[in-house]
Amino acid sequence: MIETIKPIHVIGGGLAGSEAAWQIAQAGVPVILHEMRPVQATAAHKTDGLAELVCSNSFRSDDWENNAVGLLHEEMRRAGSLILAAGDQHKLPAGGALAVDRDGFSAEVTRRLSGHPLVTIARGEIAGLPPAEWDSVIVATGPLTSPALSAAILERTGETALSFFDAIAPVIHAESIDLSIAWKQSRYDKAGPGGTGADYLNCPMNKPEYEAFIDALLAAEKTAFKEWEASTPYFDGCLPVEVMAERGRDTLRFGPMKPVGLANPHKGGERPYAVVQLRQDNALGTLWNMVGFQTKMRHGEQVRVLRMIPGLGQAEFARLGGLHRNTFLNSPRLLDRQLRLKAEPRLRFAGQITGVEGYVESAAIGLLAGRLAAAERFGRPMEAPPATTALGSLVNHITGGHIVADEETVEPSEESGKSRGPQSFQPMNINYGLLPPIETPLVDEQGRKIKGKDKTFARKRAASRRALADLAAWLATATGGHTT
Ligand SMILES: Cc1cc2nc3c(=O)[nH]c(=O)nc-3n(C[C@H](O)[C@H](O)[C@H](O)COP(=O)(O)OP(=O)(O)OC[C@H]3O[C@@H](n4cnc5c(N)ncnc54)[C@H](O)[C@@H]3O)c2cc1C
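Right, let's walk through the structure included here. If you're wondering where the values come from, they're calculated on a predicted model, not measured in any experiment.

### Structural notes on the packing of helix H1 (residues 15-26) against helix H11 (residues 359-377)
Packing of H1 against H11 brings their axes to within 7 Å, and their N-to-C directions diverge by 30 degrees. With respect to H11, the axis of H1 lies roughly parallel. Between H1 and H11 the crossing geometry is right-handed. Taking contact as the criterion, the partners of Leu15, Ala16, Glu19, Ala20, Gln23 and Ile24 in H1 are, on H11, Tyr359, Ser362, Ala363, Gly366, Leu367, Gly370, Arg371 and Ala374. For the contact of H1 with H11, the class distribution of residues is 8 nonpolar, 4 polar and 2 charged.

Below you can see the structure in the form of structure tokens.
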């Protein structure tokens, strides 16, 4: 029976590709995993092991009840994840985090995949679009996809860019913004396409506040560029906020922090000296993006400096800013909810290249792509999990939950003078803001009234429990031939 099933090809034996190959094989479908190392190197990998961790050895928090990445771990465990199984087996002491022995972890993933009867590992670069006879392919080649394959994907998708600097601006949880200081208004109350005229949240600054903020930006510690990042120039349109501040104390006040067309209703309609604008970042309205605030400040420094902004004193960050080279698709436009390229559905994508960020998130999308491809191979196509699960919320982020920036805020590219669409879609880690809101429970398990900060924890726990219940229902209907 097995011999008659055509294999699925997975390109890239990183976090996503290894997980995808495992899921396919566990479903009973033969899989050929193509990994270019050691034949062809990348700028960051150092070994020929599968699922090599290129930087930190942490999978972050393992607390499924109170932390979104912990929840993702738990969902993946329940779905029979190879990456989580190998991580748990090679766990190191790290408080509430799941940190792993990177060599033991990678060796374990390599051992389990090489020992699986349905897995073939083929070493070598796929240097262009896969041959036409490969009718089901998962591309999981990551942020450092080889240039030849990148060029072929770029041509097939008709996009203008695939590898570029992520100009990542911080994203803030809506509930942590102080609306007694900030207010909603678009510049000149302009409604624009699909807008209401009150689409931005504005945080006002007076002159002393602005001057103190510029001083803090200039003094803050910044991260250094990696050698291979330093050789890639960045566009003026996505300069880090602190680089703009270095160009002159008023550069920001005439740039992203300009106060024109805005009147502060909390101060009788007065025009502020400078303004920080936030734009809704997801369809749920739970996340807000700091417009023009891409930054290379160290993460701790970002929290400290950005909380100086009036209205953001208690801000909780769903994502901190950064600027690094990456390769990712404009997935909301190019992929369907099955993670297939709309223009060529035999090609599925998984991992960082789809616009998720992080080891665990990349493996999570690999898990789903593997399951979806295997189900399709059996002629029993299935849906991705619901958006109330951490797994489903990631699919939602990359295939539809994201709001496209309007023309006014997308800077034109230096080369073409046209707006660069993918700039508005940015990779993201899992966070609770990607899940649909849930009502805060009024009382705890002992029947006591939940007050103050405990409300946030209670809400997270409620969202986590809902996620695991909904995942169980999805797994029950979607397991197919899986042996988990
Ligand atoms: C320098 C750097 C540091 C990072 N640090 C962290 C961190 O500390 N924590 C974190 O959570 N995330 C980090 N990330 C982000 C990201 O989550 C990881 O890169 C993660 O490994 C992505 O998983 P992936 O499977 O999509 O890609 P990868 O794990 O990179 O796997 C892709 C694989 O595809 C192979 N490949 C590429 N092109 C081809 C081809 N044409 N043919 C065959 N094989 C090919 C590569 O050799 C590689 O093995 C970092 C990224 C980079 C670039």
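Having seen the structure, we can now continue with the description.
### Some thoughts on the side chain of serine 146
Considering the arrangement of structural elements, one finds serine 146 in the loop between strand E7 (137-139) and helix H5 (147-157). We classify serine 146 as buried; its relative accessible area is 5%. If we skip the residues at most four places from it in the chain, serine 146 touches Met36, Glu125 and Ile126.

### So, the side chain of serine 393
Secondary-structure assignment places serine 393 in helix H12 (residues 390-399). A residue is classified by how much of its surface remains accessible, and serine 393, at 1% relative accessible area, is buried. Polar contacts involving the side chain of serine 393 include one to the main-chain carbonyl oxygen of alanine 390, which spans 2.9 Å.

### Quick notes on the sheet that holds strand E13 (residues 287-290)
Spatially, the 6 strands line up as an open sheet ordered E10-E11-E12-E13-E9-E14, and their pairing is antiparallel. Lying at the two open borders of the sheet, with one neighbouring strand each, are strand E10 (183-184) and strand E14 (317-319). Together, strand E11 (200-205) and strand E12 (274-280) form the strand contacts of helix H6 (residues 207-219), whose direction differs from that of E11 by roughly 95 degrees.

### Considering the site of the ligand
Near the ligand you find 31 residues, and of these Ala16, Glu35, Ser146, Gln352 and Gly358 are the closest. Glutamate 35 is positioned such that a nitrogen or oxygen atom in its side chain is 2.6 Å from an oxygen atom of the ligand. For the ligand, a nitrogen atom lies 3.0 Å from a polar atom in the backbone of isoleucine 126. Here the ligand has 980 Å² of accessible area as a free molecule, and 92% of this is covered by the chains. Going through the elements one at a time, H1, strand E2 (31-35) and H11 are the ones with two or more residues in the shell around the ligand.

### Brief notes about the packing of aromatic side chains
This structure, assessed with the given rule, holds 5 aromatic pairs. Taken together, a centroid distance of 5.7 Å and an interplanar angle of 70 degrees make the contact between tyrosine 210 and tyrosine 273 edge-to-face. Placement of the pair is tyrosine 210 in helix H6 and tyrosine 273 in the loop between helix H8 (241-246) and E12, with a sequence separation of 63 residues. A residue is classified by how much of its surface remains accessible, and tyrosine 210, at 0% relative accessible area, is buried. When the centroid spacing of 6.1 Å and the interplanar angle of 65 degrees are considered together, the rings of phenylalanine 328 and phenylalanine 425 count as edge-to-face. With a gap of 97 residues between them, phenylalanine 328 in the loop between strand E15 (322-327) and helix H10 (331-334) and phenylalanine 425 in the loop between H12 and helix H13 (454-478) connect regions that are remote in the sequence. An identical accessibility class is assigned to phenylalanine 328 and phenylalanine 425; each is buried. Of note, arginine 253 hangs over the ring of tyrosine 273, and the distance from its end group to the ring centre comes to 4.0 Å.

### Here we look at the sheet that holds E7
One open sheet holds the 6 strands; their spatial order is E6-E2-E1-E7-E17-E16, and the pairing between them is mixed. For this open sheet the edge positions go to strand E6 (119-123) and strand E16 (340-341), each flanked by a neighbour on one side alone. Judged from the 2 bridges that link them, E16 and strand E17 (residues 344-349) form a sheet pairing that is antiparallel. Residue arginine 340 lies in a different strand from E17, and its bridge partner there is arginine 348.

### Topic: the environment of aspartate 88
The residue aspartate 88 is located in helix H3 (residues 82-89) in this model. Taking the C-alpha atoms as reference points, aspartate 88 and arginine 77, separated by 11 residues in sequence, lie 9.6 Å from one another. When sequence neighbours within four positions are dropped, the list of residues in contact with aspartate 88 reads Arg77 and Leu98. Engagement of the side chain of aspartate 88 in a polar contact is seen with the side chain of arginine 77, the distance being 2.7 Å.

### Some words on H11
Taking 1.5 Å per residue as the helical rise, H11 with its 19 residues ought to reach 27 Å, and the 27 Å between its terminal C-alpha atoms agrees with that figure. Most of H11 is tucked away, with 17 of its 19 residues classed as buried. Just past H11, the residue glycine 379 takes up positive phi, approximately 70 degrees.

### Focus on the pattern of salt bridges
Considering all chains together, one arrives at 27 salt bridges under this definition. A salt bridge links arginine 112 to glutamate 108, with the shortest nitrogen-to-oxygen separation between them at 2.9 Å. One end of the pair is arginine 112 and the other is glutamate 108, both in helix H4 (residues 102-114) and 4 residues apart, which spans about a single turn. Relative accessible area serves as the criterion here: at 24%, arginine 112 is assigned to the partly exposed category. Take glutamate 108: its relative accessible area is 6%, and that puts it in the buried class.

### With respect to the layout of surface pockets
Space inside the second largest pocket adds up to approximately 930 Å³. Lining the second largest pocket are 35 residues, with His173, Glu175, Glu316, Thr456 and Lys460 positioned closest to its centre. Among the secondary structure elements, those contributing two or more residues to the lining of the second largest pocket are strand E3 (58-61), helix H2 (68-78), E14 and H13. With 6 residues, H13 is the single largest residue contributor to the lining of the second largest pocket. Partitioned by chemical class, the residues of the lining of the second largest pocket number 15 nonpolar, 12 polar and 8 charged.

### Examining the nonpolar core
Among soluble globular proteins, nonpolar side chains are generally buried collectively. Counting 76 residues, the largest nonpolar core has Phe59, Leu72, Met76, Ile83, Phe105, Val109 and Leu113 as the members making the most contacts within it. At 12 residues, the largest contribution of residues to this core is made by H11. Residues in contact with leucine 113, not counting those within four places in the same chain, are Ser18, Ala21, Trp22, Leu33, Leu50, Leu82, Val119 and Ile121. By size, the runner-up hydrophobic cluster in this structure holds 32 residues, among which are Met257, Leu278, Trp288 and Phe317.

Conventions adopted
Residues numbered from 1 in each chain as written. Predicted model: local features only at pLDDT ≥ 70, side-chain atom pairs only at ≥ 80, totals over all residues. Heavy atoms only, no water. Axes fitted to C-alpha atoms, helices over the stretch in contact; angles between N-to-C directions. Helix = DSSP H or I, 4+ residues; strand = E, 2+ residues; numbered from the N terminus. Parallel < 35°, antiparallel > 145°, perpendicular 65-115°, else oblique. Left-handed = near helix turned anticlockwise from the far one by under 90°. Contact = heavy atoms within 4.5 Å. Nonpolar A, V, L, I, M, F, W, Y, C, P; charged D, E, K, R; others polar. Buried < 20%, exposed > 50% of the residue type's maximum accessible area, 1.4 Å probe, protein only. Polar contact = N/O pair within 3.5 Å; in protein donor to acceptor, adjacent residues only side chain to side chain. Pairing = 2+ DSSP bridges. Near = heavy atom within 4 Å. Areas by Shrake-Rupley, 256 points an atom, 1.4 Å probe, with all protein chains shown as cover. Phe/Tyr/Trp six-rings, centres within 6.5 Å; stacked < 30°, edge-to-face > 60°. Lys NZ or Arg CZ within 6 Å of the ring centre and 35° of its normal. Expected span 1.5 Å × (residues − 1). Salt bridge = Lys/Arg side-chain N within 4 Å of Asp/Glu carboxyl O. 1 Å grid on protein atoms, 1.4 Å probe; cavity = no way out; pocket = protein on both sides within 12 Å on 5 of 7 lines; lining within 4 Å. Points joined across faces, edges and corners; volume = space filled by probe spheres on them. Core = buried A, V, L, I, M, F, W, Y, C linked by side-chain atoms within 4.5 Å.

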